[in-house]
Amino acid sequence: MLAAFFFFAAALAAQSAAAEHAAEQMVPDNPSEHTPPVQPIPYSHKKHLSLGLDCKDCHTNPGPGKLMTFPETGKCMLCHDTVAKNKPSIQKLAEFAKTKQAVPWVRVYTVLPGVAWSHRAHLEAGVKCETCHGKVREIEAMSEVTSVTTMYSCLHCHEMNQAKTACDTCHKH
């Protein structure tokens, strides 16, 4: 009976490890995590998402949907007019808002030149933000956690999901 318990426990552990590995491979050829870039204002995705915010609450997808936008400072100030307003980082944010300047955020993921890529097409196909950007709900400072900007990983993902792989799918003339 004890041997059966240990066998069952070992099988569960192996199954759990396999599921974790599968989740890490949602986007193939993932590099190890990069150091987050220094941002003009520290921002914790983990803290903000734990409050019930969703990606689309701050990052909108304008037409034609190539890049998700950064939120306008006025949108941030809807909460930060009262929340943590004495913190130096929020005072810096308030200065940007007061002068109607955008915070000069450092973009973490960049589409390569010559690639016609769209968030909208991927979201409409049912791809979740986490597929390409990792477990954002657990990230303090955003960094590149997947190699979604390489041709290999894009082609491999398209093949795995039976999406088009013809050159003109991503490279428009």
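Peer 1: Sorry if this is basic, but what is going on with helix α4 (residues 73–80) here?
Peer 2: Every α-helix carries 3.6 residues per turn, so stepping three or four residues along brings you back to the same face. Those residues of α4 not exposed but buried are Thr73, Met77 and His80. Projected down its long axis, α4 carries its buried residues within an arc of 65 degrees, all on one side. Elements that come into contact with the buried residues of α4 comprise α2 (45–50) and α5 (88–98).

Peer 1: Would you take a moment to explain the nonpolar core for this structure?
Peer 2: In summary, soluble globular proteins display a tendency toward joint burial of nonpolar side chains. If you look at the biggest cluster of nonpolar residues, it comprises 7 residues: Leu49, Val108, Tyr109, Val136, Ile139, Met142 and Val145. With sequence-adjacent residues up to four places away left out, Val108 is seen in contact with Pro37, Gln39, Met142, Ser143 and Glu144. Residues Ile41, Phe96, Ala97 and Val103 belong to the second largest nonpolar core, which totals 6 residues.

Peer 1: Explanation requested: helix α8 (residues 151–160) in the structure shown.
Peer 2: Taken residue by residue, α8 has Ser153, Cys157 and His158 as its buried positions. All buried residues of α8 lie within an arc of 130 degrees about the axis, which places them on one face of the element. Those residues of α8 that are exposed and aimed more than 90 degrees away from the buried face are Met151 and Glu159. Turning to α8, the residues buried within the fold contact α6 (119–124). Directly beyond the C-terminal end of α8, a positive phi value near 50 degrees is found at Gln162.

Peer 1: Help me understand the environment of Lys47, please; the structure alone is not making it clear to me.
Peer 2: Mapped onto the fold, Lys47 is located in helix α2. Among the residues examined, Lys47 registers a relative accessible area of 47% and is labelled partly exposed. Here the alpha-carbon distance between Lys47 and Ile139, two residues 92 residues apart in the chain, equals 8.7 Å.

Peer 1: I would appreciate a short explanation of the pattern of salt bridges in the present structure.
Peer 2: Close approach of charged atoms allows side chains with opposite charge to pair. Inspection of every chain in the model, using the stated rule, returns 2 salt bridges. Residues Asp54 and Arg137 are paired through a salt bridge, measuring 3.8 Å at the closest nitrogen-oxygen approach. Placement of the pair is Asp54 in the loop between α2 and α3 (55–58) and Arg137 in the loop between α7 (129–133) and α8, with a sequence separation of 83 residues. Residue classification places Arg137 among the partly exposed positions, given a relative accessible area of 43%. Residue Glu95 is joined to Lys98 by a salt bridge in which the shortest nitrogen-to-oxygen separation is 3.8 Å. Taken together, the residues Glu95 and Lys98, both in helix α5 and 3 residues apart, mark about one turn of the helix. On the accessibility criterion, Lys98 (65% relative accessible area) is exposed.

Peer 1: Got a minute to help me understand the packing of α4 against α5 in this structure?
Peer 2: The packing of two helices is summarised by the inter-axis angle and the distance between the axes. In the contact formed by α4 and α5, the axes pass within 9 Å of each other and the chain directions differ by 135 degrees. With respect to α5, the element α4 is oriented oblique. In terms of crossing hand, the pair formed by α4 and α5 is left-handed. Contacts between α4 and α5 involve Thr73, Cys76, Met77 and His80 on the former and, on the latter, Ile90, Leu93, Ala94, Phe96 and Ala97. Of the residues assigned to the contact of α4 with α5, the class counts are 7 nonpolar, 2 polar and no charged.

Peer 1: How should I be thinking about the side chain of His48 in this particular structure?
Peer 2: Mapped onto the secondary structure, His48 falls in helix α2. Apart from residues no more than four positions distant in its own chain, His48 is found in contact with Tyr43, Leu53 and His80.

Rules used in this analysis
- Residues numbered from 1 in each chain as written.
- Predicted model: local features only at pLDDT ≥ 70, side-chain atom pairs only at ≥ 80, totals over all residues.
- Heavy atoms only, no water.
- Buried < 20%, exposed > 50% of the residue type's maximum accessible area, 1.4 Å probe, protein only.
- Helix = DSSP H or I, 4+ residues; strand = E, 2+ residues; numbered from the N terminus.
- Arc of directions from axis to C-beta.
- Contact = heavy atoms within 4.5 Å.
- Core = buried A, V, L, I, M, F, W, Y, C linked by side-chain atoms within 4.5 Å.
- Salt bridge = Lys/Arg side-chain N within 4 Å of Asp/Glu carboxyl O.
- Axes fitted to C-alpha atoms, helices over the stretch in contact; angles between N-to-C directions.
- Parallel < 35°, antiparallel > 145°, perpendicular 65-115°, else oblique.
- Left-handed = near helix turned anticlockwise from the far one by under 90°.
- Nonpolar A, V, L, I, M, F, W, Y, C, P; charged D, E, K, R; others polar.

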